[in-house]
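Architecture at a glance
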Amino acid sequence: MKRLCATVMIAVLGIATAGTANADHRPDTKTLQRHADALLDHGAPGVLVEVDTPRGDVEVRSGYGNVAARTPVPWQAKFRIGSYTKPFVAATVLQLVGEGRLSLEDTVDRWLPGVVTGNGNDGTKITVRQLLQHTSGVPNYLGKMPELFLEKEFEENRFRTVTPEQTVALAMQMPPDFAPGTDWNYSNTGYTLAGMIIERVTGNTWQHEVRSRIVGPLGLRDTYLPGTSPFLPRPHAVSYQRFTEKGMEADPNDPRWGEPIDVTTYNPSWGGAAGDMISTTDDGNKFLKALIGGKVLRPAQLAEMTKAMRVPALDPAWPGARYGLGIMWIPSSCGGYWSHGGDIPGFKTRNGVTADGTRSVMVSINTDSMVPKPNVPKPTKDVTVDLVDHALCGMK
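Summary of the structure given here. Nothing here was measured: the structure is a model prediction, and the numbers come from that model.

1. Some details on the packing of aromatic side chains
Enumeration according to the criterion identifies nine aromatic pairs in this entry. Ring geometry for Trp-184 and Tyr-323: centres 5.7 Å apart, planes at 55 degrees, overall tilted. On the criterion of sequence distance, the pair formed by Trp-184 in the loop between α6 (164–171) and α7 (188–202) and Tyr-323 in strand β10 (residues 322–323) is long-range, its members being 139 residues apart. Take Trp-184 and Tyr-323: they sit in the same class, and that class is buried. Following the ring pairs from residue to residue traces out a cluster consisting of Tyr-84, Phe-88 and Phe-287. When the ring centre of Tyr-266 is taken as reference, the NZ or CZ atom of Arg-80 above it lies at 4.4 Å.

Structural data, given as structure tokens:
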């Protein structure tokens, strides 16, 4: 049985054969627990961590899943994975590429004519590859959704349904970040468009295709695509969020945080193919290992997915990181790993998997607004980096 004690989540995948050191060893539980406990000082209400190794799984947890009741995060907790949805969507697109039903070099306009247009945005010049790698220049629609960043507005809109077409239309109100293929900038809009392309190619919803191609075949029984449903399946932690006084316009040196509120239930439709999925640490590890282990994509498509470009913009959180097609390569003390985290109101997800697909870790934190305790220094990198490194690189 997997039982120990902690919480965190990170997702990464490896290049070549790096990142396989100590893959046959279980991480030191006391050290893993210490890393999970440290996240509480950085503002985590609760943490759940699961490491999957050839010699068995290790789980630790820390803090509270319900702060008022002072109860821990459930061991089998379901949680919103946010942008960890993106590797599922990218893999689905790449399966269609492998079947010859579309090409990575197809333009957006080839499948969605007239959708990406206005204010300098031009779908005839953007490729599917660029959508998946965040090099399209398509602006992020979140910049036009203040209701996700301000407490009063969030409460008023938390059960509202937002369609993919509406989020893309919001993005089209802004000029492109740059000319397609000339730079990198994270854009949820790109993945919304990828989901719409899946639907145009197959005639089915992107959710149906992800379920039938990935979730079902891999036996991910606790992974959900909720659509407009605001509820989390049980068991789950209470998810908390703190909002700043000025939302996205807050001064990072003086954000003026409000008190945590319960955001466990809300309609995640605005996230769509960019981030609305729900899963568990166990299922999250299964998917990572299957993906990098070659059980989801054909070799040619997996090679395209892991063809990662250097992205200096990721350096503050993950020094030396590269970004492929819906997956990120992060250097570590034993080489590196593949990953894709997720941030969504109420949950922070982090993870990682070694390059040979034999060892993985998932971390879930039941808030996405971590505010360090007084006198705790602000982290200079992602708060889970050390935990994930220990989980994947072995005995420390």
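From this point, the narrative continues.
2. Thoughts on empty space enclosed by the protein
Evaluation of the coordinates by the stated rule reveals two cavities of 30 Å³ or more. The computed volume of the largest cavity comes to approximately 70 Å³. Every residue along the wall of the largest cavity is listed here: Met-145, Glu-147, Leu-148, Phe-154, Asn-157, Arg-158, Arg-160, Val-162, Tyr-266, Asn-267 and Trp-270. Here the lining of the largest cavity is composed, by residue class, of six nonpolar, two polar and three charged. Reported here for the second largest cavity is a volume of approximately 50 Å³. Around the second largest cavity sit Gly-46, Leu-48, Val-73, Ala-77, Phe-79, Ala-237, Phe-347, Ser-364, Ile-365 and Asn-366, which together line it. When contributions to the lining of the second largest cavity are tallied by element, the ones reaching two or more residues are β1 (46–53) and β15 (360–365). Here the residues of the lining of the second largest cavity are counted per class, giving seven nonpolar, three polar and no charged.

Basis of the calculations
All residue numbers refer to positions counted from 1 along the written sequence of the respective chain. Totals for whole chains, interfaces and linings use all residues, but because this is a predicted model, local features are given only for residues with pLDDT of at least 70 and pairs of side-chain atoms are given and counted only at 80 or more. Only hydrogens and water are removed before side-chain values are computed, so all heavy atoms of the structure are retained for them. Put simply, two rings from Phe, Tyr or Trp (the six-membered ring, in Trp's case) pair if the centres are within 6.5 Å, and we call them stacked under 30 degrees between planes, edge-to-face over 60, tilted for the rest. Per the convention used, a helix needs a DSSP run of H or I reaching at least four residues, while a strand needs a run of E reaching at least two, with both numbered from the N terminus. Using a 1.4 Å probe on the protein chains alone, a residue whose accessible area is under 20% of its type maximum counts as buried, one over 50% counts as exposed, and one in between counts as partly exposed. The criterion is that NZ of a Lys, or CZ of an Arg, lies within 6 Å of the ring centre and within 35 degrees of the ring normal, and then a charge sits over that ring. For cavity detection a 1 Å grid was placed over the protein atoms alone, and a set of points counts as a cavity when a 1.4 Å probe fits there but cannot get out; an open set counts as a pocket when protein lies on both sides within 12 Å along at least five of seven lines, with lining residues being those that have an atom within 4 Å of a point. Grid points are joined across faces, edges and corners, and a volume is the space filled by probe spheres set on the points. Residue polarity follows a fixed list, in which Ala, Val, Leu, Ile, Met, Phe, Trp, Tyr, Cys and Pro are nonpolar, Asp, Glu, Lys and Arg are charged, and the others, Gly among them, are polar.

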